[in-house]
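Chain residues, written in single-letter form:
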Amino acid sequence: MHSRHLRTVVFGLVLGTLVTLLLYTTPQTLSSVSSFRYDVLSPDESRESKAGLCRPAHHLMFLKTHKCASSTVQNIFLRYGYKHNLTFALPRSGNYLGNPQHFTVDLIPPNLLPRSGKVDIFAVHTRLNVEEHSKILHNDTRWITIVRDPSALYESLFNFFHLGDIYGVHLSLFSRVPMANLMDLPRYGGKFGRNQMLFDFGYPENITVSELRGAIEELDNLFDLVMISEYMDESLILLRHLLCWSLHDLVYFTKNARRREVKHNLNPATLYALRELNSADVILYDHFVARHRQAVLEFGTRRMAREVSLLRSLREDYFAECGAHEVRGQDSALLYKEYSGQVNAYVTANNSGQNCMMLSLPELSLVDAVRLHQRRALNPP
């Protein structure tokens, strides 16, 4: 009991220090990277903005899918919302509002919900329930999500949570196991398993072809943008123009990505088995990859290549000015550690501004800081 109390006190002190640092550091763009070559790329080449047709979007619903680079995208939304003093949908603790159960409004504590009952940004893990989510979102909310190749997603999920120890079979042996047996494997914790994206979108893992077609059509109509993990930078450029944001707003340091040495290379037979096991996710993923490619063509491939190049150069500039370097997620040099040593984290030499600090913070630490800030803002003494 004493050690538990001590951990609670220490966590409170550390979190309080973090929030203080965020409150008393400047949110401005880093000086040396606020150059003309980036500023000229205000949304839609500034023309629409000057004409009053392009205004930055402040109302966002981000369906945070598991193991799809969604923590990287979440960091972008949390930073933007914090900088612009927007409100978030947040749980009492942790980073889940529903899942495995579907989201319901009563999962949000009253002291974290604005009086209007509406929030500006939803960017934590959840299980989609459009009717309930819509109750706390503004009518002009932009709906965004991200998907990933299902074989890569399942490999990441399987090895990150050590499911081989639970199921009693290594992933490399899946091609030798009858598919019926693999399909009977239970969802770990009730939330992690096959057809993970479809599950996060609120649908059952067992779904008929006809139902799947209907589900994809519903998702197509619901989301303004479905990002593709394998085409992250292209997706971010499309996101930037959808939201009318600055290129600076979309800079990121990759979050929750496993280190190379802990990733597993799978043989063709195993990959085939994983595609069959996650066949519904494969169909869903292929559909949205085709949508993405069409969107890039409509945007203009040369224009896309130019903006992607600028985004990458800008990210390198931020990385250099922040004095950032990668370490293991639970390295002793980290004040705010990742929840797993399998992933990379960042140490920065320059913590004088919010940008460097928030770019480098682990997901849970940033969510905790945003929650404490919002609780204080909504419940003044």
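Shown above is the structure to which this text applies.
Residues numbered from 1 in each chain as written. Predicted model: local features only at pLDDT ≥ 70, side-chain atom pairs only at ≥ 80, totals over all residues. Heavy atoms only, no water.

Draft legend 1. Main features of the pattern of salt bridges. Following the criterion strictly, the structure yields eleven salt bridges and no others. In this structure, the salt-bridge partner of Asp224 is Arg142, at a minimum N-O distance of 3.9 Å. You can see Asp224 sitting in the loop between helix H10 (209–222) and strand E6 (225–228) and its partner Arg142 sitting in strand E5 (residues 142–147), a full 82 residues away along the chain. With its nearest N and O atoms 4.0 Å apart, the salt bridge here joins Glu307 to Arg303. Of this pair, Glu307 and Arg303 both sit in helix H14 (residues 301–321), four residues apart, which is roughly one turn of the helix. Residues joined in a network through salt bridges with shared partners are Asp233, Arg312 and Arg315. (Salt bridge = Lys/Arg side-chain N within 4 Å of Asp/Glu carboxyl O. Helix = DSSP H or I, 4+ residues; strand = E, 2+ residues; numbered from the N terminus.)

Draft legend 2. Quick peek at the pairing of E5. Within E5, five of the six residues are buried, which leaves it mostly tucked inside the rest of the structure. Judged from the four bridges that link them, strand E1 (residues 60–63) and E5 form a sheet pairing that is parallel. When the bridges of E5 are listed, Leu60 appears paired with Arg142. Here E5 pairs with E6 via four bridges, running parallel. Pairing of Ile146 across the sheet is with Met227, part of E6. (Buried < 20%, exposed > 50% of the residue type's maximum accessible area, 1.4 Å probe, protein only. Pairing = 2+ DSSP bridges.)

Draft legend 3. Quick peek at the state of the cysteines. Considering all chains together, one arrives at two disulfides under this definition. Covalent S-S linkage joins Cys54 and Cys244, the inter-sulfur distance amounting to 1.9 Å. Between Cys54 and Cys244, the S-S torsion sits near 130 degrees, and that sign places the bridge as right-handed. One end of the pair, Cys54, is in the loop between helix H3 (47–50) and E1; the other, Cys244, is in the loop between helix H11 (232–243) and helix H12 (268–277), and 190 residues separate them in sequence. Comparing Cys54 with Cys244, the two get one shared label, buried. Disulfide pairing is shown between Cys322 and Cys356; the S-S distance is 2.1 Å. Its S-S torsion of approximately -90 degrees makes the covalent link between Cys322 and Cys356 left-handed. With Cys322 in the loop between H14 and strand E7 (325–328) and Cys356 in helix H15 (residues 354–360), the pair connects residues that are 34 residues apart, well separated along the chain. Accessibility classification places Cys322 together with Cys356 in one group, the buried group. (Disulfide = S-S within 2.5 Å.)

Draft legend 4. Expanded view of the packing of helix H4 (residues 70–83) against H11. It is the contact of H4 with H11, at a shortest axis distance of 12 Å, that shows an interaxial angle of 30 degrees. What the angle tells us is that H4 and H11 run roughly parallel. Relative to H11, the crossing made by H4 is right-handed. For the pair H4 and H11, the contacting residues are Thr72, Val73, Ile76 and Phe77 in the first and Met232, Leu236, Leu239 and Leu243 in the second. Classifying every residue of the contact of H4 with H11 by side-chain character gives seven nonpolar, one polar and no charged. (Axes fitted to C-alpha atoms, helices over the stretch in contact; angles between N-to-C directions. Parallel < 35°, antiparallel > 145°, perpendicular 65-115°, else oblique. Left-handed = near helix turned anticlockwise from the far one by under 90°. Contact = heavy atoms within 4.5 Å. Nonpolar A, V, L, I, M, F, W, Y, C, P; charged D, E, K, R; others polar.)

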